Amino acid sequence: MASSPVLATSLPQKQLTTSSSVATAGGSRHPPPEQLAILLDKSDSVDLVKRIHAAILRRNLFLHPYHPVLNLKLHRAYASHGKIRHSLSLFHHTIDPDLFLFTAAINTASTNGLRDQAFLLYLQLLSSGIVPNEFTFSSVLKSCSAQSAKAIHTHVLKLGLGLDPYVATGLVDVYARGGDVVSAQKVFDRMPERSLVSSTAMITCYAKQGNVEAARVLFESMPETERDIVSWNVMIDGYAQHGFPSDALMLFQKLLAKGKPKPDEITAVASLSACSQIGALESGRWIHVFVKKSRISVNVKVCTALIDMYSKCGSLEEAVSVFNDTPRKDIVAWNAMIAGYAMHGYSQDALRLFDEMQGKAGLQPTDITFIATLQTCAHAGLVKEGVRMFESMGQVYGIKPKIEHYGCLVSLLGRAGRLKQAYEIIKKMEIEADSVVWSSLLGSCKLHGDFVLGKEIAEYLIERNITNSGTYVLLSNIYALVSDYEGVAKVRSLMKEKTIVKEPGISTIEIDDRVHEFRAGDRNHLESKEIYTMVRKMSERIKSSGYVPDTNAVLQDLEETEKEQSLEVHSERLAIAYGLISTKPGSPLRIFKNLRVCSDCHTVTKMISKITGRKIVMRDRNRFHHFVDGSCSCGDFW
DNA sequence: GCAGGGAAAC
C-alpha cells in the first residue's frame, strides 16, 4: 500500500526546515521510522509532533514500508493534542488509506463532533471496498444519527459483529440517543455479557425517556465494586433531570459515604442542578466548598451550575460572585447570570449584562438569552423595551422567535393590561399557541378583570382540548370571581370527567441541611403539632391587622369558613410556620413553591414579614418574591 | 485504531 507525502500546506513553513531537534530527541542523527513511532506515542507537545512530521517529509519516509504505521501514529498524535484539522488533513492526503487509518480518522471525527464527516468517511470506506471491523463500527456509531442507525446495524449483523461488546454498546447508545428504547433494549438483552459500559448506556437510555425506575433497577443490579463514576453520574443526573431532585442528592450522599469512586465535575453539575430545583442552598454551598477542596476542575460548566444554583436558591449575591470569578465565560454562563437577575426582578442589571455581554465580551445572544431578557421586561412592566427587544430578535440577530418568546411577549402585554393586543398576537403568530401561552393570557384576563374575554378564551380552549390543569383552575377562578357558581360547578365536573388533577402545590424549606416538604393540609411532618399551632397564631395576628381572606382563590365548592380554613393550610403557610418555629428570630426564611404563589398567600406573606420582622424569600414557578417589612419586591405584579 | 456521563429556558 502506497502512501503519498503529506502536503505541507497545513503546516507552518518553519517546521519543515528545522528538524535537528528531532534527531537529538531520538538519540541519533536519523532515527529509524520505528523509533519515530515510539517518539510520537510519547510526544507531549504538538511541537514535537510537528518536528517529527517534518522529519518524515524531509527524509521521504512515505516511501518506507513502515510508513502506514507511522502515518497512523502521526494522525493519532495530532488528534491527541487537539489538532483535529491537521490529523484529518493527514488522512485526506494519504492515497489508499488502509482500514486502520480509516477507522482512526472516523474516530477522530466522531469524538470531535464532526458527525457528518465521520459518516462520510464511513461511506468512503465502504465504497473503497474495505470491509469494516468492530473497531470501525464502534467509532462510526458514536456519530451516527438515529436514522442511519438501522442501516449500520444491518451492516453489523451481516458481518457477524452483533455480539461484540463494543459494537453492541455503541448500538445501545445510538438507539438511546434517538429515544428508541425498544431497539436499545433488544440489543442490550442479546449481549452475552453486560459490561459496566453497556449497562451505563442502557441506564442513560431509560433515564432519557424518564423511566427513572427502570434506570434505578438496572443501576442497583450492577455489582457495587464495579460501578465507576460515569455510572453514578448518569443515575444522579437521571434523577435530577426527571423530577426526582431529592433522590439525586441522596444518591450523591451515598456516593460520598462510600468514598469511591471519586466524584468529578460532572457529579458536581448534576448534584448542583438538583439543589437548584429544590432550593437546597445549604447543600449547594456545601457542594461548592467540596468542589474547591477536592481538586475537581472548576470549569465554566461547574461555574454555570453554581450561578444557576445560587440564583435559584435565592442567593443572588453569591451567584454574582461566582459569575465574576468565572474564567472564560461562555454564552451559557452569561445566560444563566442574566436569567438569575431576571428571576429576582433586577431588570436593570439583567439588561446591563445583556449589553456588556455583546460589548465587552463580544458574544452574540442566543434564543435563550432572549427568554431571560423578555422575561425581565415582563416582570418589570417594561412594555416598550420588551416589544422592541422581541422585534430585534429577528431583525437584528436573525433569531426566529419560538413559542417561549411568544409566551414572554404575551405575558408582557397581558400583565400590562393590553389583553386585546396579546390576543391578536396569539391569533397571528405562525406557531400554534400551546397551553402555556394561553394560560398566561388567561391569567392576565383574571388579573385585569376581563371576564368576558377570559371566559371566551377558556371555553375555546376546553372545546379544543388545548388545556392543562392550570387552564381549568384559571377558568374556575374566573367564574368564581363573577360569582357564576354554575360555571364553577361545570368546570369541576369537566375536570372529573377528563380526570384532570390539579397539580398539587408543594412548598419546601431547608432547615439544617435538610429539605422539608409540605403539601396543603398535610400532617406528615414530625413537628406537625407545633407547626399548626404557629399557623393559627399567625392567622390571629394578621387578622387583627386587618387581613381579609381572599376566598376566590379556593377552587373547591365549600362554605366560606371552610374556604378560609383551606387557605390557612396552603403549603406555603405550613412551610413559613415551620421556618418560624425552627430558626432564630430575625433570620431570613427561604421558601420554594412548585406552582405560582396564590394571591392570598402573597398578601399573608407580606403581613407575616412585617409582623415578625423577617425577610422572606419565596421562589415560585415564575420568579422570586422578596418580602420585607410588609411589601414584596414584585410590587404585587407577578 | 473501539463503547457509557454535564451547565442556561414561557
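Source: prediction; values computed, not measured.

Novice: What should I look at first to understand the overall build of chain A in this one?
Specialist: Check the secondary structure of chain A and you find 34 helices and six strands. For chain A, long-range pairs separated by at least 24 residues make up 64% of all intrachain contacts whose partners lie at least 6 apart in sequence. Element-wise, carbon and sulfur atoms account for 54% of the exposed surface of chain A, whose accessible area totals about 30400 Å². Charge-centre separation for chain A: the mean point of 74 positive side chains lies 5 Å from the mean point of 67 negative side chains.

Novice: What am I meant to see in the environment of Arg-76 here?
Specialist: Turning to its location among the elements, Arg-76 is positioned in helix α5 (residues 67-80). The exposure class of Arg-76 is exposed, given its relative accessible area of 58%. Through-space distance from the C-alpha of Arg-76 to that of Val-320 is 42 Å; in sequence the pair is 244 residues apart.

Novice: In this structure, what is going on with the packing of helix α8 (residues 115-127) against helix α10 (residues 146-158)? I would like to understand it.
Specialist: Packed helices, taken two at a time, are described by the angle between their axes plus the distance between the axes. Running from amino to carboxyl end, α8 crosses α10 at an angle of 35°, the nearest separation of the two axes being 13 Å. Between α8 and α10 lies a crossing of left-handed hand. Counted together, Phe-119, Tyr-122 and Leu-126 of α8 and Ser-148, Ile-152 and His-155 of α10 form the full contact between these two elements. Residue classes in the contact of α8 with α10 are distributed as four nonpolar, two polar and no charged.

Novice: Any chance you could explain the side chain of His-625 here in plain terms?
Specialist: Among the structural elements, His-625 can be located in strand β5 (residues 624-628). Within the local environment of His-625, its side chain forms a polar contact with the side chain of His-602, the two groups lying 3.3 Å apart. Beyond its immediate stretch of four places on either side in the chain, His-625 contacts Val-597, His-602, Ile-616, Val-617, Met-618, Asp-620, Cys-632, Ser-633, Cys-634 and Trp-638.

Novice: How should I be thinking about the pattern of salt bridges in this particular structure?
Specialist: When charged atoms on two side chains of opposite charge get close, those side chains can pair. Under the definition given, this model contains 19 salt bridges. Here Arg-216 ties to Glu-213 by a salt bridge, and the two come within 2.4 Å at their closest N and O atoms. On the criterion of helical spacing, the pair formed by Arg-216 and Glu-213 is a turn pair, its members being three residues apart in helix α14 (residues 212-221). On the accessibility criterion, Arg-216 (24% relative accessible area) is partly exposed. Here Arg-285 and Glu-318 are joined by a salt bridge, their closest N and O atoms 2.8 Å apart. One end of the pair, Arg-285, is in helix α18 (residues 281-293); the other, Glu-318, is in helix α20 (residues 316-325), and 33 residues separate them in sequence. Note on Arg-285: relative accessible area 26%, which makes it partly exposed.

Novice: I would appreciate a short explanation of the protein's contact with DNA strand B in the present structure.
Specialist: Near DNA strand B, the surroundings consist of 50 residues, among which Lys-142, Thr-200, Asp-228, Asn-233 and Asp-264 are the closest. In DNA strand B, atoms within 4 Å of the protein come 38% from sugar and phosphate. At 3.1 Å, a side-chain N or O of Asn-335 approaches a base nitrogen of DNA strand B. In the environment of DNA strand B, a sugar or linking oxygen lies 3.4 Å from a nitrogen or oxygen atom belonging to the backbone of Glu-404. Per-element accounting of the surface near DNA strand B gives the leading share, six residues, to helix α15 (residues 229-241). In terms of residue class, the surface near DNA strand B is built from 19 nonpolar, 17 polar and 14 charged.

Novice: I would appreciate a short explanation of the state of the cysteines in the present structure.
Specialist: Each disulfide consists of a covalent bond between the sulfur atoms of two cysteine residues. Under the criterion given, the structure shown has zero disulfides. Considering cysteine sulfurs only, Cys-144 is the nearest to Cys-205, which forms no disulfide, with 14 Å between them. Of all cysteine sulfurs in the structure, the one in Cys-275 sits closest to Cys-303, which takes part in no disulfide; the separation is 16 Å.

Novice: I tried to follow the domain arrangement of chain A on my own but got confused; where do I start?
Specialist: Many analyses report the size of an interface as the accessible area lost when the parts associate. Domains assigned within chain A are domain 1 (228-328), domain 2 (329-401), domain 3 (408-497) and domain 4 (506-632). Between the C-alpha centres of domain 1 and domain 3 the distance comes to 38 Å.

Novice: For this particular structure, what's the right way to read the pairing of strand β3 (residues 589-593)?
Specialist: Looking along a regular strand, one sees side chains alternate from face to face of the sheet. Burial analysis of β3 places four of its five residues in the buried class, which makes it a mostly covered element. Across three bridges, the pairing between strand β1 (residues 506-511) and β3 is antiparallel. Its bridge partner being in β3, Thr-508 is matched across the sheet by Phe-592. Two elements, β3 and strand β4 (residues 616-619), share four bridges in a ladder whose sense is parallel. Within β4, the residue paired with Leu-589 across the bridge is Ile-616.

Novice: So what exactly am I meant to see when it comes to the pairing of strand β2 (residues 514-519) here?
Specialist: Bridge count between β1 and β2: six bridges; the pairing is antiparallel. From the neighbouring strand, Ser-507 faces β2, where its bridge partner is Phe-518. Between β1 and β2, which pair antiparallel and follow one another directly, the connecting turn spans two residues, one of which, Asp-512, has a positive phi of 50°.

Novice: Just checking my understanding: could you explain the side chain of Arg-619 for this structure?
Specialist: In this structure, Arg-619 sits in strand β4. Residues within four places of Arg-619 in sequence aside, it is in contact with Ser-276, Gln-277, Gly-279, Lys-312, Cys-313, Ile-591, Phe-592, Lys-593 and Phe-624.

Novice: Help me understand the environment of Thr-304 in this model?
Specialist: Within the fold, Thr-304 resides in helix α19 (residues 300-312). Under the relative-accessibility criterion, Thr-304 is labelled buried at 12%. In this structure, the C-alpha to C-alpha distance between Thr-304 and Val-332, residues 28 residues apart in sequence, is 7.2 Å. Not counting the four nearest positions on each side in its chain, Thr-304 is found in contact with Val-332, Ala-333 and Ala-336.

Novice: Which parts of the structure should I look at to understand the UniProt feature "repeat: PPR" (unreviewed entry) in chain A?
Specialist: Mapped onto the present numbering, the UniProt feature "repeat: PPR" (unreviewed entry) falls at residues 164-198, 228-262, 299-329 and 330-360. Note that residues 164-198 is 74% helix and 0% strand, and that its end C-alpha atoms are spaced 11 Å apart. Helix makes up 84% of residues 330-360 and strand 0%, with an end-to-end C-alpha separation of 13 Å.

Novice: Would you mind going over the packing of aromatic side chains with me for this structure?
Specialist: Aromatic ring pairs are defined here through the distance separating the ring centres and the angle between the ring planes. In this structure the tally under the stated criterion is 16 aromatic pairs. On the numbers, 6.4 Å between centres and 40° between planes, the contact of Phe-119 with Tyr-122 is tilted. With a gap of three residues between them, Phe-119 and Tyr-122 both fall in helix α8, about one helical turn apart. You can call Phe-119 partly exposed: its relative accessible area is 24%.

Novice: Can you help me understand the sheet that holds β2 in this one?
Specialist: Strand order in the open sheet formed by six strands is β2-β1-β3-β4-β5-β6, and the pairing between neighbours is mixed. At either end of the open sheet lies a strand with only one pairing partner, and these are β2 and β6 (631-632). Strands β1, β2, β3 and β4 of the sheet are contacted by helix α33 (residues 571-582), whose axis makes an angle of about 15° with β1.

Novice: Please clarify how the nonpolar core should be interpreted in this entry.
Specialist: Where a protein is soluble and globular, its nonpolar side chains tend to be buried together. Judged by nonpolar contacts, the single largest core of 139 residues is most densely connected at Met-202, Met-337, Trp-438, Leu-441 and Ile-457. Setting aside anything within four residues of it in sequence, one finds Met-337 in contact with Ile-307, Leu-316, Ala-319, Val-320, Phe-323 and Leu-353. Of all hydrophobic cores here, the second largest spans 32 residues; its members include Phe-518, Leu-580, Cys-598 and Met-618.

Novice: Mind showing me how you'd approach a nonpolar patch on the surface here?
Specialist: A cluster of nonpolar side chains, namely Leu-120, Leu-123 and Leu-126, defines an oily patch on the protein surface of about 250 Å² accessible area. Position of Leu-123 relative to the elements: it lies in helix α8.

Definitions and cut-offs
Residues numbered from 1 in each chain as written. Chains lettered and ligands numbered in written order. Predicted model: local features only at pLDDT ≥ 70, side-chain atom pairs only at ≥ 80, totals over all residues. Heavy atoms only, no water. Helix = DSSP H or I, 4+ residues; strand = E, 2+ residues; numbered from the N terminus. Contact = heavy atoms within 4.5 Å. Areas by Shrake-Rupley, 256 points an atom, 1.4 Å probe, with all protein chains shown as cover. Lys, Arg positive; Asp, Glu negative; His and termini not counted. Charge placed at Lys NZ, Arg CZ, Asp CG, Glu CD. Buried < 20%, exposed > 50% of the residue type's maximum accessible area, 1.4 Å probe, protein only. Axes fitted to C-alpha atoms, helices over the stretch in contact; angles between N-to-C directions. Left-handed = near helix turned anticlockwise from the far one by under 90°. Nonpolar A, V, L, I, M, F, W, Y, C, P; charged D, E, K, R; others polar. Polar contact = N/O pair within 3.5 Å; in protein donor to acceptor, adjacent residues only side chain to side chain. Salt bridge = Lys/Arg side-chain N within 4 Å of Asp/Glu carboxyl O. Near = heavy atom within 4 Å. Disulfide = S-S within 2.5 Å. Domains from an automatic or database assignment. Pairing = 2+ DSSP bridges. UniProt positions renumbered as here; feature names shortened; annotations may be inferred. Phe/Tyr/Trp six-rings, centres within 6.5 Å; stacked < 30°, edge-to-face > 60°. Core = buried A, V, L, I, M, F, W, Y, C linked by side-chain atoms within 4.5 Å. Patch = residues over 30% accessible without salt bridge, like charges linked within 9 Å, V, L, I, M, F, W, Y side chains within 5 Å.

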